Each structure stands twice: as structure tokens, then as C-alpha cells.
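These are the residues of each chain, in order.
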Amino acid sequence: MKCILCDKNEAIEHGLCSDCLDSNFQINVNGSVDLTICPKCDSFKVGNRWYREGMKGRLAAAIRKHITGSSGSAEINVVSDSISINRPEGRIDFSVAVDNGHSSLITRSESIPSKILLNSCPICNKVTGSYYEAIIQMRTFGTNYTSIIDEAMDRIDPFIVNMESRSNDSFLSKIVRLPEGLDLYIGKKNDAIKMTRFLHENFFSEIKITKKLAGRREGEDFYRYTYLVRLLNLSRGTIIQHEGREYLLEQISPNSLTLIDAASERRFTVQQNDFYSGSYSDTQEKAELRRYIVISNTASETELMDSLNFSRFTVKGSYHGEIMAFYYGGKIIPTEIPVQ
Ligand SMILES: [Zn+2]
Ligand SMILES: [Zn+2]
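Residues numbered from 1 in each chain as written. Chains lettered and ligands numbered in written order. Predicted model: local features only at pLDDT ≥ 70, side-chain atom pairs only at ≥ 80, totals over all residues. Heavy atoms only, no water.

Colleague: Residue-level account of the overall build of the chain, with values.
Modeller: Each helix and strand counted, the chain has 6 helices and 25 strands in total. With the principal axes as the frame, the chain shows a C-alpha extent of 120 × 40 × 30 Å. Looking at the chain residue by residue over its 340 residues, the buried ones come to 41%. When contacts within the chain are restricted to residue pairs at least 6 apart in sequence, long-range pairs at least 24 apart make up 53% of them. (Helix = DSSP H or I, 4+ residues; strand = E, 2+ residues; numbered from the N terminus. Buried < 20%, exposed > 50% of the residue type's maximum accessible area, 1.4 Å probe, protein only. Contact = heavy atoms within 4.5 Å.)

Pasting the structure below:
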């Protein structure tokens with residue numbers, strides 16, 4: 001049987017000869033393949049990953065996923081060596097070799113739209129420390145650098161190591177030590193959010209977020225975010241003033257403080273948000289936390305002896321054994337802090 005199209009050659013499939021089958025073979029290219037090239041080290045990014053070498057092979061594989069042929073059984077290959085990047089036109093040119101199993105290879109020239117960007121890669125960013133999307137400003141409740149910042153840094157360090165090992169886009173670009181605290185430059189904004197959340201969950205702290213237009217990148221406005229983390233650096237016994245009254249700081253947990261009214265000795269809890277939004281201030285004064293030995297007690301009163309100077313005091317309430325109490329303004333205020 002002759003080919004139904006050309007009526008010259010023998011038909012081999014669907015009534016067509018091999019020449020006509022080949023010339024009727026359709027290739028469809030769908031979608032686009034974007035490429036980012038690092039101008040500093042020639043690394044490149046295809047899809048979500050950066051690679052150091054083998055650009056044409058990686059592109060061929062990526063482009064292949066966007067190609068379909070009119071016959072499902074044909075073997076279609078993107079010829080790596082044929083790949084040509086046309087940045088001004090925003091496309092990649094390449095040739096396709098099709099083996100449909102019954103004649104010589106069919107070769108076609110094709111192209112796919114491609115946004116080709118020049119952007120510094122994560123490794124170069126890390127090395128130069130120039131790239132960051134966010135800054136975490138670690139500060140104290142006051143204006144000075146205190147050990148709470150080092151403590152927070154120690155806690156967050158394993159978190160950062162883990163974050164960096166999971167994605168090569170994640171990195172801490174640099175740390176700047178200032179008289180008032182640390183500035184952490186973070187590659188990805190999302191990592192800064194995670195780190196800030198981690199700090200907030202583990203330390204009594206306040207977070208303030210600001211953003212600033214830093215220019216344009218990839219055709220869009222590019223913002224840099226600042227996460228100000230104020231860590232409470234006060235210790236037990238600190239005298240805090242609020243609305244004309246004095247309070248002793250008894251306990252600190254990541255989300256609340258226990259305060260004792262110095263005059264009434266009443267105890268209450270302040271949540272993080274209320275503390276930072278209220279007008280609480282540090283008086284720089286501190287009550288001494290001391291150990292007292294119970295000498296005697298009744299149902300309503302206890303006689304205590306100071307474990308250091310053996311002076312005796314009577315306090316309200318019934319206590320037993322040994323207790324911790326604040327000594328402030330000649331007054332003894334028993335606490336719930338365990339004996340140390
Ligand atoms: Zn034919
Ligand atoms: Zn690079």
C-alpha cells in the first residue's frame with residue numbers, strides 16, 4: 001500500500017510512509033525555563049537549585065519537561081550542545097532530536113521563553129556579606145549590651161546552623177556588634193521571621209518589625225525588613241516602676257513576669273504585651289534576695305532570721321524551715337523562689 005499523503009513510498013504506519021510520518025511529527029514547547037547566572041562565579045540556578053557546573057545538561061533536562069511530541073512513543077531529546085542562551089530576546093534556543101523508531105533521526109530547531117537574570121549566588125553572598133533581606137536587631141530592655149544577648153545568641157546558634165544546612169539560600173550574612181546589641185544580617189526574610197519567633201518563644205521579649213524600600217530587584221520593589229527584638233535583661237529583685245508604684249521583679253518566664261507590689265506585697269502577673277506597651281521602667285535599683293531561717297511561727301505570723309547577719313524579723317504569713325525573701329527598704333518580702 002502506498003502512502004496516503006505522497007502516494008510515492010510504501011506506507012508503514014497510519015497509512016503514511018516514513019518520510020511523511022517524520023514531516024508530520026509535531027513538537028510542542030510549553031511554558032518557560034528561567035535561568036539565573038551569578039556574575040561573580042558563574043554558578044547558575046535552574047528551578048530552585050543552584051549548580052556550579054553542567055549548565056547545558058541541566059538546561060536540556062529542564063527544557064525536556066516542557067516538550068511534548070505528537071506521537072507518544074517517539075523518543076525526544078534536547079541536544080545539550082545545541083543550547084544557546086539569548087538573553088536580550090529572553091529565550092533559549094536549542095535543537096530537538098526525535099527518534100520515532102522507523103527512520104533516521106528528525107532534528108528540529110526550537111526555542112523556549114526564558115527570563116535570564118544576573119544575580120549573585122548564595123555562596124558569593126555569604127562570602128561578601130553584602131546580601132541580606134532582613135536584619136535582626138538584638139537589644140536589651142535598656143540601652144546597653146548585657147549578657148542576655150550572648151545567652152540569646154547561644155540559644156539561637158544551633159537553630160541557625162540547622163537552617164543553613166537545610167537550604168543553600170539560607171544564611172547569616174554577617175553579625176555586627178554594637179554598644180547596644182547585635183545586628184544579624186539574614187539572607188532570607190523568612191528565616192529572619194523564624195529566628196525572631198524562636199527568640200520570642202524562648203525569651204521574655206518584644207518584637208517590632210519595620211520595612212524599608214531598598215531598591216528594585218527582578219523588576220519589583222525590594223524591601224528590607226528590620227526585626228527589633230528587645231530582650232528583658234532584668235534579674236530577680238529588680239525594682240520596676242509603674243504608674244507611681246514600685247514593684248519587685250520576682251520571676252521571669254518567656255511570656256510573663258511575676259511582680260510584687262513593694263507596698264502591699266501583692267503579687268500579680270504581667271504578660272509580655274502588657275509589659276512592653278505599658279509604662280514600666282527600670283529604676284536601676286535592686287532588692288536583695290536572701291535566705292531566711294524560720295525561728296517560730298503562728299497561723300498568721302512567722303519569725304525569721306537572716307542567714308547572713310542573724311538579724312530577726314517578723315513577717316505576715318506562716319512559713320516553715322527555710323525560705324527565700326527579698327530584703328528591700330528595711331522590709332522582708334517572702335518569695336516563692338525555691339531555697340538556693
Ligand atoms: Zn508519504
Ligand atoms: Zn556566585
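That was the structure; now back to the text.
Colleague: Lay out the domain arrangement of the chain with the relevant residues and their values.
Modeller: Structurally, the chain comprises domain 1 (18–118), domain 2 (122–231), domain 3 (234–285) and domain 4 (287–340). A straight line from the C-alpha centre of domain 2 to that of domain 4 covers 45 Å. (Domains from an automatic or database assignment.)

Colleague: Describe the coordination of the zinc ion (ligand 1), listing the residues and the values that go with them.
Modeller: Ideal geometry at a metal centre: 109.5 degrees between donors when four sit tetrahedrally, and 90 or 180 degrees when six sit octahedrally. Distances from the zinc ion (ligand 1) to its protein donors, C3 (SG), C6 (SG), C17 (SG) and C20 (SG), fall at 2.2 to 2.3 Å. Considering all 4 donor atoms around the zinc ion (ligand 1), the spread of angles at the metal, 104 to 117 degrees, places the coordination shape in the tetrahedral class. Taken in sequence order, the residues that donate to the zinc ion (ligand 1) follow the motif C-x2-C-x10-C-x2-C. For C3, a relative accessible area of 1% translates into the label buried. (Donors = N, O, S within 2.8 Å, 3.2 Å for Na, K, Ca; no water. Tetrahedral: all angles 85-135°; square planar, octahedral: opposite > 155°, others 65-115°.)

Colleague: Tell me about the sheet that holds strand β18 (residues 256–261), and name the residues and values.
Modeller: Strand order in the open sheet formed by 5 strands is β19-β18-β17-β16-β20, with antiparallel pairing between adjacent strands. What marks the edges here is a single partner per strand, and that holds for β19 (267–271) and β20 (281–286). With strand direction ignored, the average angle separating the axes of adjacent strands in the sheet is 40 degrees. Here strand β17 (residues 245–252) runs beside β18; their pairing, made up of 5 bridges, is antiparallel. Within the sheet, the bridge partner assigned to Q251 lies in β18 and is T258. (Pairing = 2+ DSSP bridges. Axes fitted to C-alpha atoms, helices over the stretch in contact; angles between N-to-C directions.)

Colleague: So what about the pairing of β18? Which residues, and what values?
Modeller: The element β18 is extensively covered by neighbouring structure, given that 6 of its 6 residues are classed as buried. Of the two faces of β18, the one carrying S256, T258 and I260 and the one carrying L257, L259 and D261 are both buried. Between β17 and β18, which pair antiparallel one after the other, the connecting turn spans 3 residues. In textbook terms, the turn of a hairpin is the stretch between consecutive antiparallel strands, and for β18 and β19 this stretch comprises 5 residues, one of which, E265, has a positive phi near 60 degrees.

Colleague: Summarise the side chain of S114; cite the residues concerned and give the values.
Modeller: Positionally, S114 belongs in the loop between β9 (106–113) and β10 (116–118). The residues contacting S114, other than those within four sequence positions of it, are V33, D34, L35, G90, R91 and I92.

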